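Per-entry structural report
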Amino acid sequence: QVQLVESGGGLVQPGGSLRLSCAASGSIFNIDAMGWYRQAPGKQRELVATISSVGATNYADFVKGRFTISRDNAKNTVYLQMNSLKPEDTAVYYCQTDIQRSISYPYQRYWGQGTQVTVSS
């Protein structure tokens, strides 16, 4: 069994910063891509950023220059550093990872439980 535990969300003023973390634990043989998505009320879930197993990154246009995704493979953890936050960044943020549980298993996609980020004065 695999678990993803997120942390770091909260309330922040416009222009502020937050750092989200997502740690994977359990039966893990290998982790491929990791990423962050978000879903605002009444909207569809959207991609924020992804990072490959070798560190190649991809960002949605609306976060380029403000957010940075990184990972610590030794800790099976992905991070999202969010700077210059705007009210429109308010959403539930979900981490996502592609995990292989053993050499004989295919990769499967797992999701975190979500963490609320609210940007408001």
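In the block above lies the structure referred to throughout.
Residues numbered from 1 in each chain as written. Predicted model: local features only at pLDDT ≥ 70, side-chain atom pairs only at ≥ 80, totals over all residues. Heavy atoms only, no water.

A few points about the environment of Ile69
Its place among the elements puts Ile69 in strand β7 (residues 67–72). On the basis of relative accessible area, Ile69 is assigned to the buried category, the value being 4%. Placed 11 residues apart in sequence, Ile69 and Asn58 show a C-alpha to C-alpha distance of 8.7 Å. When residues no more than four places from it in sequence are discounted, the contact partners of Ile69 are Met34, Gly35, Trp36, Ala49, Thr50, Ile51, Thr57, Tyr59, Val78, Tyr79 and Leu80. (Helix = DSSP H or I, 4+ residues; strand = E, 2+ residues; numbered from the N terminus. Buried < 20%, exposed > 50% of the residue type's maximum accessible area, 1.4 Å probe, protein only. Contact = heavy atoms within 4.5 Å.)

Details of the pairing of strand β11 (residues 115–119)
Residues Thr115, Val117 and Val119 point to one face of β11 and are all buried, whereas Gln116 and Thr118, pointing to the other face, are not buried. Sheet topology places strand β2 (residues 10–12) next to β11; three bridges connect them, and they run parallel. Paired with Leu11 across the two strands is Thr118, which belongs to β11. Across three bridges, strand β9 (residues 91–100) lies against β11 in antiparallel orientation. Among the inter-strand pairings, Tyr93 is bridged to a residue of β11, identified as Thr115. (Pairing = 2+ DSSP bridges.)

Note that all results are geometric; they support no functional claim without further evidence.
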